[in-house]
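# Chain and residue survey
As a plain string of letters, each chain reads:
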Amino acid sequence: MSDYVIAPPPQPAVPVLGGGLFPVRRVYCIGRNYAAHAREMGGDPTRETPFFFLKPADALQPCAAGVVVDHPYPPATDSYHHEIEMVVALQAGGRDIPVERALACVYGYAVGLDMTRRDRQNDMKAKGWPWEIGKSADASAPIGPIHPAAKVGHRAKGFIRVAVDGAVKQEADLSQMIWSVPEQIAILSRHYELKAGDLIYSGTPEGVGAVKRGQTMAGAIEGLGEITLRVV
Ligand code: MN
């Protein structure tokens, strides 16, 4: 018998391509990691220190390949934006990880969406308040199957895009990231002890925009497949 006084909540986990489940500890996200997106958000695309935020691990919405998944439109927003992002899954962590050793921490990669209540995020920015209400809605982190790096290699280039009702809204190349995946891991590990089970949403390119109920988002990254979600 456990000592828990209520039933323990389920362990968030993401299916792995080819079988198995990747258990998730934390979900880190980087802001403004593509220059053109930094500009569209009113910022400067510089190589000053990047910034990070977190989403709760239970906001993950695993999406099987080749299936249209119903994605719930959250309450308290009239401007719910798609942000297509590559997700990095860590099999090991540590503190002060050197850039040269960072890729050894990576288990695999997936297609993800950092869904955002943009109106609430903008309110919080204006007030200097935390972003959670904008970034942490239930189901706000759709993610496709994790593709092990052992099978697909490390992903530093290739297309990343999302279409809404068949019209491409965001399209860029992974090589356009301001901070590479190894750099993101190295910098994060100066602020947190990273651990196996951590995910990193690696930023979105330009072209973010709102979706409405009834619309379908199709997000894809070269070599990592496609996820399809109908907003309901
Ligand atoms: Mn984002």
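This text gives an overview of the structure that appears in the document. Bear in mind the structure is a predicted one, so any value in this text is a computation, not a measurement.

### Let's talk about the overall build of the chain
Within the chain, the regular secondary structure consists of six helices and 18 strands. For the chain, whose C-alpha radius of gyration is 17 Å, the value lies close to the compact-globule estimate of 17 Å for 232 residues. Overall size of the chain, expressed as C-alpha extent along the three principal axes, is 45 × 40 × 40 Å. Per-residue burial for the chain yields a buried fraction of 51% across its 232 residues. A separation of at least 24 residues holds for 75% of the contacts in the chain among residues at least 6 apart in sequence. Of the roughly 10,700 Å² of accessible surface on the chain, a fraction of 53% belongs to carbon and sulfur atoms. The average position of the 24 basic charges and that of the 25 acidic charges among the side chains of the chain differ by 0 Å.

### Concerning the sheet that holds strand β6 (residues 68-71)
Backbone-to-backbone hydrogen bonds join strands into a sheet, with any given pair of strands oriented parallel or antiparallel. Within the open sheet, the five strands sit side by side as β6-β18-β17-β13-β14. Their pairing is mixed. The sheet is open, and its two edges are formed by β6 and β14 (167-173), each paired on a single side. For this sheet the average axis-to-axis angle between neighbouring strands, irrespective of direction, equals 20°. Across five bridges, the pairing between strand β13 (residues 159-164) and strand β17 (residues 216-221) is antiparallel. In the strand pairing of β17, Ile 160 is matched with Ile 221.

### Considering the coordination of the manganese ion
Six octahedrally arranged donors around a metal ideally form angles of 90 or 180 degrees; four tetrahedrally arranged donors ideally form angles of 109.5 degrees. Coordination of the manganese ion by the protein comes from Glu 83 (OE), Glu 85 (OE) and Asp 114 (OD), over a distance range of 2.0 to 2.2 Å. The sequence pattern formed by the donor residues of the manganese ion is E-x1-E-x28-D. Neither residue differs from the other here; Glu 83 and Glu 85 are each classed as buried.

### A look at the sheet that holds strand β16 (residues 209-211)
Reading across from one edge, β10-β7-β16 is the order of the three strands in this open sheet, with antiparallel pairing throughout. Only two strands of the sheet have a single neighbouring strand rather than two, namely β10 (116-117) and β16. Sheet topology note: the strand β7 (residues 80-82)/β10 ladder contains two bridges and is antiparallel. Paired with Tyr 80 across the two strands is Arg 117, which belongs to β10.

### Re the nonpolar core
In terms of nonpolar packing, the biggest core is built from 37 residues, with Met 86, Leu 90, Leu 113, Ile 185 and Met 217 touching the most fellow members. Those elements that place two or more of their residues in this core are β8 (84-90), β9 (106-113), β13, α6 (181-188), β17 and β18 (225-231). Counting 18 residues, the second largest nonpolar core, distinct from the first, contains Val 24, Val 27, Ala 141 and Tyr 201.

### Here's the deal with α6
Most of α6 sits out of view: eight of its eight residues are buried. For α6, the full list of buried residues reads Val 181, Pro 182, Glu 183, Gln 184, Ile 185, Ala 186, Ile 187 and Leu 188. Contact partners of the buried residues in α6: β3 (27-30), β4 (52-55), β8, α2 (99-102), β9 and β15 (199-201).

### Regarding helix α3 (residues 118-127)
Listed in full, the buried residues belonging to α3 are Arg 118, Asp 119, Gln 121 and Met 124. At its buried positions, α3 is contacted by β7, β10 and α4 (132-135).

Parameters at a glance
- Residues numbered from 1 in each chain as written.
- Predicted model: local features only at pLDDT ≥ 70, side-chain atom pairs only at ≥ 80, totals over all residues.
- Heavy atoms only, no water.
- Helix = DSSP H or I, 4+ residues; strand = E, 2+ residues; numbered from the N terminus.
- Rg over C-alpha atoms; globule rule 2.2 N^0.38 Å.
- Buried < 20%, exposed > 50% of the residue type's maximum accessible area, 1.4 Å probe, protein only.
- Contact = heavy atoms within 4.5 Å.
- Areas by Shrake-Rupley, 256 points an atom, 1.4 Å probe, with all protein chains shown as cover.
- Lys, Arg positive; Asp, Glu negative; His and termini not counted.
- Charge placed at Lys NZ, Arg CZ, Asp CG, Glu CD.
- Pairing = 2+ DSSP bridges.
- Axes fitted to C-alpha atoms, helices over the stretch in contact; angles between N-to-C directions.
- Donors = N, O, S within 2.8 Å, 3.2 Å for Na, K, Ca; no water.
- Core = buried A, V, L, I, M, F, W, Y, C linked by side-chain atoms within 4.5 Å.

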